[in-house]
Amino acid sequence: MKMKKHYLYIFLAAGLLSATGCQKSNLAPVPSTSISDLSAFSTASRIEGQVRGIYASIKNSGMFGGRYQIFNDIRGGDFMNDRTNVVTGYDIWSYTPSNSSTNSVQNHWRRAYFVINLANVFIDGMAAGGTAVVGDALSKNYVGEARLLRAMSYYSLLQFYARPYWDGNGSKPGVPLRLTGNTGSADYALARATVAEVYTQILADLTFAEQNLPLTYANATLNTTRAHRNTAIALKTRVYLSMQQYGNVITEANKIVSATAPFTASTGVAHALQADITNVFKTPYTTTESILSMPFASNEPPGTQNQLGYYYCPSAFNGGNGEYSLLSTGIISNAGWLATDRRKAMIITSGGKTYLSKFPTGGNFTDWAPVIRYAEVLLNLAEARVRSTNTVDAQAVALLNAIRGRSDASTVFTVGSFANAAALADAIMTERRIELMGEGFAGADLTRLGLPLPAKPGVNSIAPTGQQYIWPISSDELLLNPLCTDN
Amino acid sequence: MHMRKLLLTLTAFLLFAGSLLAQKTVTGKVTDDKGNPIPNASVLVKGTTTGTSTKADGTFSLTVPSNAKALIVSAIDMTTQERAIGSQTSLDFSLTQEDKTISEVVVVGYGTQRKKEVTGSIASVKGAAIANKPVQSFEQALGGRAAGVQITIPNGVLNAPPVFRIRGTNSLSLTSYPLIVIDGVPAYTGDFSGTSAAGNALASLNPNDIESVDIAKDAAASAIYGSRAANGVVFVTTKKGKAGRSRVTLDSWVGFTKTFGLPDLLDAFQYTDHKNEALVNAGTFNATTNAFALTNGPDGQPINTRWYDYVYRTGIQHSNTVSVSGANDATSYYFSAGYTDQQGIIRKNDFKRISVLMNIDHKAGKAISVGGKLQYSNEQNLAAVSSGSLGDAFATAGLGRVPLVTAPNISPYNNDGTYNYSGALIGVMGNKQGQVGFNNPVIQLDQNRNNSEINHVLANAYVQIKPVKWATLKSTFGLDYVFVDNEVYFSPISGEGFASNGSASSWFNKNKRWVWTNTVQFDKTFAEKHNFSLLGGIEQQKSDFVGYGLNRIGVTDPSFTDIQGGWQTPNTAGLGIGENYLYSEFGRLNYNYSGKYFLSGNLRRDGASQLGLNNKYGTFWGVSAGWEITKEKFWTGGLDKIFSSFKIRSSYGRVGNIGGLGNFQSLSTFNSGLYGGNGTVVFSNAGNNNLGWETSTKFDLGFNFGFLKDRITAEITYFKNDIDGLLLLVPQPPSAGLPSNIPDNVGTMYNKGVEFSLNATPVQKKDFSWNTSFNLTYTKNQVTSLAPGITNLTASTGGLETPSITIPGYAAGMLFVTRTQGVDPATGRRIFLDKNGRQVFFQHVAPSGQFRFAYADGTLAPTVSAADAVVYKNTNPKYVGGFDNTIRVKDFELNALFTYQLGFHIYFGTNAGLRDQRFWNNSTDILRKWKKPGDVTDIPKVIFGDNISNGSAFPLDVNVFKGDFIKLRTLSLGYNIPRNILEKARISTARFYISGNNLAIITKYPGPDPEVSSNGNGTINQGIDRNTVGNARTITVGLNIGF
């Protein structure tokens, strides 16, 4: 009897133990909110999702969603820093960022290379199997987009971290040039390529994109938010301008700018200036003037302390933080910029200061961030014509008039308005400051021409030879990449 | 259940008593060996349930059947005594104090072991030592109580998890926090609040419900927890009922808490002059457009605001616990209910907890026992806004920083009584500046909410079967559920909610864990001397997490302050989902020969879901041996006259760590998002299929010995922990473009050191006794290698500055700062040392023809920055410990606990802010600034806008200070009300006390408190004091009553 009871216990215990066995599937759970790398190229929708993912990443507010533009604008002489906050670019504005400046030097470097690697991983993955899923034609479209975004990222890096092309004709240190996707542990030490080498790669990427991107997309939104052939061409005009290769600027621009006014693109998306510039910056933000913009919405907001409208508008206007007002000695003081100029509608006054209100939407500050606008292409072409011919070029004047006249019909330039080519070039540069203010050109426009960075209240001018003329390299990069050198 | 049992017993007793005519009454008195009466002692007729307990004067009267043979008397902490009744009607008992060293047991994981037989390194802390303290969670009170244990209260925010280290920093990327096992269930640890209020999961446990805390430190003691044992294992045992009459206790205390050591700041007049001087020096002063100016307040006098007064307060705290417990032969029970309401030193930072605990154990028959526990708590962790102390050192709203930064010449209110603000920021009043502060703290404190409510259940149930005397089968099912309601509201008036026109977020986090443990244990003695104990078991642990919520912005009417009100835009908040699973098989064999030689072996095989596909399983083990030398014959020749006990023990083993590893971190995955309203797929995590455990190989050698009949006992232990396969999130050059640092088992580190503890009772008399205990732990931590190609790991504070570096050849988390060499007496410029050791003179605004950064000869020098930083000082305390003294004089009891940490440095980053030359207010030491050629001072010439000279832009050596401190952690004076008074009130014990926490501190550290950590439990960014709210000083009065 007693023994039987023992057997019963042992039997029960054995049953219990077997019930407690390992639940093997629990040891390798499959995440329900992410996609495994093994299947990221397995369907057409995931592949297109990855293309959009590269855009979403370059849209990151640390890059073309806001901060790339802001950093360029506040390096110029038109904005006043009112907050002395390093998080919102005080060090950039005062030309004093350090290697460890997190929100500028470190973050832009990291984000740009994140986009570059995404593009590389995508390009590799398409070659390895993705092309077979979507077919050769679509694959080329997508790879074209990836390469264009990679080029944009490298271009943005060169503007901040490398000496301009004119200094030694591109022979100075550029940035590490990475063209294959990184997904795991490896030795990633890599020295900086020269400026010229990086520009060569940028142009190779853009040329590939030009040859492989679709001419147009199905609707205006996609034409503004996804790269098409004219996007690649427009970007090339900017890149050649930075290299001072004005002949190439003209060649590229002529592909999408008609010979005479009204200037329009005759193939691909029919880019043209809008009659009223303010419409370009209003919902739905998809006029044919916007070649590439970064879309925002309330469920796709730019994130705190990154938003264009938060930086440039005062609290009384849209709840912004008024990080930067317009410097009274800057372009706002230009006498030729008339009060009746339509672009003055995007300037407001608050608390005795003037502010740029190009991005007026408050709340989540969801105004789309402009990246390439047709007006820029026209100004690029105008400038290239003057600088390449070194004459008061008639088409340059016509292009300048197209920009000025659209907002200020009362001012009409003629060839006779300019004493010489330099005067016309100056007028075009002035027009850029007015037209493109807040869109990320001021800093790069100074450095590509070798102009000093201007003095500002409490800040000395920086000569083109000065160390502060460009940013230092990220200290994280210097610590972890032994082959990388500082500026 | 218990009541029914009691009734049945009672009824049976009455029936039994009534049926027997032959019975008699026995009376007597129970005393201790000094003749003091023992109340509440249990008096039982042997072999029956007939019994009673003694009164307050120790007497009893019991009717016993005539066939009763003997009485058994027992009392807490006393030896049990049995005396034959015979023909006597009066029997007195004199009980002796139980020799605790024989009966004392420690928890060892899946069981207990007699302390005498333990060969691993285990420190025990009694519940009484951590009860009734003004803390939120028990481990906050462990500091100084046990050798090898370092507790650092990181800040003055209520319910922030303390830094908890056992024998040093044992991991770099993973957690260094020990595994906490509460009543057999591995519990959730860490901060579970999603808001700016802290919410330590362990605060669920009312410290007054804790019976003991046993801390397993070496491989032998912890290996039974295999893969989670590398940081040590802390076994928490809650109270159970004890034999005898049921006991009711009431513990209450009330107190107040205040700040101490706040920096002295410039007042409005000093500030205004000082900042104007800085503007003049910068060449930008303009009285009408660029200047600082006083503003008159409503009383017509210049406004002079002490911002501390608006942010800090004297907090009132109280705590009350009631418990009922008892046990008879079959059933023991412990019920308690507690409520505590504590105000912190920061306004609106409150902690409220309702807790209940039920512990029941029941013998259902000869072979079967069942039991379980249910612990529930509701915690309200409240705050208005960020304190800037929970890893968010640079939060704009951070209340640690705001009172330091904000200009003292403005007021939180306009003269008409309305709030002073301009957009999101505080208004500048008369200052001709864009900004003279961040958010208006008064608006934030009045309007905003950052609350987190935690409902926490810890429960288990077990059945235990003993089919034969030497075998025990046990199955325990435990669960730990943590449900967190986070609620954040930012007012649209100003501050964080301004830009979005108000913001309300609510999100729910559900953490559910179950643990099912099945063990079998055999205990058998062969040939009377060979004692074996063999344990085998299987355990599964599953944890699931789900989080979801809503954020709404754009309030439609300012009266809506809840998520349910009227808002324009909905967004998601707090979305998350995850799971992990651990499957384990384990065993233990203990052997001892005649109580003289001890051997023990532990083995555990763990499989964890978080690890790489190719590396899910790991095997861990520990062996130990002990030798009780006093039992040897040769010892009795003379050494026994010196030593009353002497034991040598040693252990060796290999244990692991995965604490803090993400659920899916070993996988390479792509996440989804949106671009232009369409879905994206973005490479988001770089994984590693070979990811395995971090392993620690631990060696331990210890000596336990006693003198004078163990009135003095001491313990010396040498330990070494070699950690290899450190699971590093290996940083790659940012230009590699990887989405995340790749987890890999690379890198090695060791901790070695010596622990010493001494317990003594120098005086033990009837009316006067003195107990003292001292412990000291010396630890040396050194990283010996990192990943191939990775020369160092830097770590940031608050995401904005990088003052910490981990580099082979040094301890983890060294300070990494740029060197300075004072101030140039001729020009007042800050002198930096660049990476080549060359002096570089800095002036924020250089006159024309000069440079901001220049060599001594005036030529241009490259910009000095964080790239010139050097590995500077160690942040790991070399020595930590405590010194505890209890002196009893008659009914008074004085206790003083000192804790100390010595031999380490702190980066006082706050100091950089206190000397920042933007609009920020400065500490009064800025008045030492350089003014004219020849001035010899440590403060450079002040130039407005200068955030470089004093360390705001990048960390400097001038803000590194020695952190050594000795603290009077608690000082308490208690009074036990004499028995003769209590008897009249039918109370068995009553004690009043007054107690102070953090009353005194000896240190040269210039900040508020060197016991600080801006990065919480961070392992490679410790020793940082950046904008952190300092610790509180608390005084309480309390009462403990037992019925």
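Residues numbered from 1 in each chain as written. Chains lettered and ligands numbered in written order. Predicted model: local features only at pLDDT ≥ 70, side-chain atom pairs only at ≥ 80, totals over all residues.

Can you walk me through the interface of chain A and chain B in this structure?
When the parts of a complex come together, some accessible area is lost, and that lost area is often used as the size of the interface. On the chain B side, the residues contacting the 86 residues of chain A number 86 residues. Among the secondary structure elements, those contributing two or more residues to the side of chain A that touches chain B are helix H1 (2-19), helix H2 (24-27), strand S1 (35-36), helix H3 (44-58), helix H6 (102-134), helix H9 (220-225), helix H13 (315-318) and helix H18 (475-480) of chain A. By residue number, the principal contributor to the side of chain A that touches chain B is H6 of chain A, which donates 9 residues. Class assignment for the residues of the side of chain A that touches chain B results in 34 nonpolar, 39 polar and 13 charged. Both S1 of chain A and strand S31 (residues 669-675) of chain B contribute to a ladder of 2 bridges, which runs antiparallel. Note that in S31 of chain B the partner of Ile 35 of chain A across the bridge is Phe 670 of chain B. (Contact = placed C-beta atoms within 7 Å. Helix = DSSP H or I, 4+ residues; strand = E, 2+ residues; numbered from the N terminus. Nonpolar A, V, L, I, M, F, W, Y, C, P; charged D, E, K, R; others polar. Pairing = 2+ DSSP bridges.)

What is the right way to read the sheet that holds strand S44 (residues 839-842) of chain B from this model?
Through backbone hydrogen bonds, the strands of a sheet pair up, either in parallel or in antiparallel fashion. All names here are of chain B. The antiparallel open sheet is built from 4 strands, whose spatial order is S42-S43-S44-S45. Of all the strands in the sheet, the pair left with one neighbour each is strand S42 (820-823) and strand S45 (853-854). Bridge count between strand S43 (residues 830-833) and S44: 4 bridges; the pairing is antiparallel. Note on S44: the bridge partner recorded for Arg 830 is Phe 842.

Help me out: how do you make sense of the pairing of strand S24 (residues 503-526) of chain B in this one?
Sheet faces and side chains relate simply in a regular strand, where the side chains alternate between the two faces. Residue and element names in this part refer to chain B. As paired strands, strand S23 (residues 471-490) and S24 are joined by 20 bridges and run antiparallel to one another. Its bridge partner lying in S24, Val 482 is registered against Asn 511. Direction of pairing for S24 relative to strand S25 (residues 530-555): antiparallel, over a ladder of 24 bridges. Directly across from Asn 509, in S25, lies its bridge partner Gly 547.

Sorry if this is basic, but what is going on with the domain arrangement of chain B here?
Residues and elements named next belong to chain B. Domain assignment breaks chain B into domain 1 (2-98) and domain 2 (122-250 + 316-389 + 443-794). Between the C-alpha centres of domain 1 and domain 2 the distance comes to 42 Å. Contacts between domain 1 and domain 2 engage 11 residues on the former and 10 residues on the latter. Among the elements that make up the side of domain 1 that touches domain 2, the one with the highest residue count is helix H1 (residues 2-19) (3 residues). Each residue belonging to the side of domain 1 that touches domain 2 can be placed in one class, and the counts come to 2 nonpolar, 7 polar and 2 charged. (Domains from an automatic or database assignment.)

Is there a simple way to explain the pairing of strand S5 (residues 347-350) of chain A in this structure?
Residues and elements named next belong to chain A. In this structure, S5 lies alongside strand S6 (residues 353-356), joined through 4 bridges in antiparallel fashion. Note on S6: the bridge partner recorded for Ile 348 is Tyr 355. Connecting the antiparallel pair S5 and S6 is a turn made up of 2 residues, with Gly 351 showing a positive phi of about 55 degrees.

Quick question: what am I supposed to make of the packing of H3 of chain A against helix H7 (residues 136-161) of chain A here?
To describe two helices that pack against each other, one gives the angle between their axes and the distance between the axes. Residue and element names in this part refer to chain A. At their nearest, the axes of H3 and H7 sit 10 Å apart, and the two run at 15 degrees to each other. Taken together, the axes of H3 and H7 are roughly parallel relative to one another. Here H3 and H7 pass one another in a crossing that is left-handed. Facing Ile 47, Val 51, Ile 54, Tyr 55 and Ile 58 of H3, the residues of H7 in contact are Tyr 142, Glu 145, Ala 146, Leu 149, Met 152 and Ser 153. Here the residues of the contact of H3 with H7 sort into 9 nonpolar, 1 polar and 1 charged. (Axes fitted to C-alpha atoms, helices over the stretch in contact; angles between N-to-C directions. Parallel < 35°, antiparallel > 145°, perpendicular 65-115°, else oblique. Left-handed = near helix turned anticlockwise from the far one by under 90°.)

Help me out: how do you make sense of the nonpolar core in this one?
Here is a general trend for soluble globular proteins: nonpolar side chains tend to be buried in one another's company. Counting 192 residues, the largest nonpolar core has Ile 54, Val 115 and Leu 378 of chain A as its most contacted members. Apart from residues no more than four positions distant in its own chain, Val 115 of chain A is found in contact with Ile 54, Ser 57, Ile 58, Met 63, Leu 149 and Ser 153 of chain A. Counting residues in each nonpolar core, the second largest holds 64 residues, with Leu 479 of chain A together with Ala 686, Phe 851 and Val 1012 of chain B among its members. (Core = buried A, V, L, I, M, F, W, Y, C linked by C-beta atoms within 7 Å. Buried ≥ 20, exposed ≤ 12 C-beta atoms within 10 Å, placed from the backbone.)

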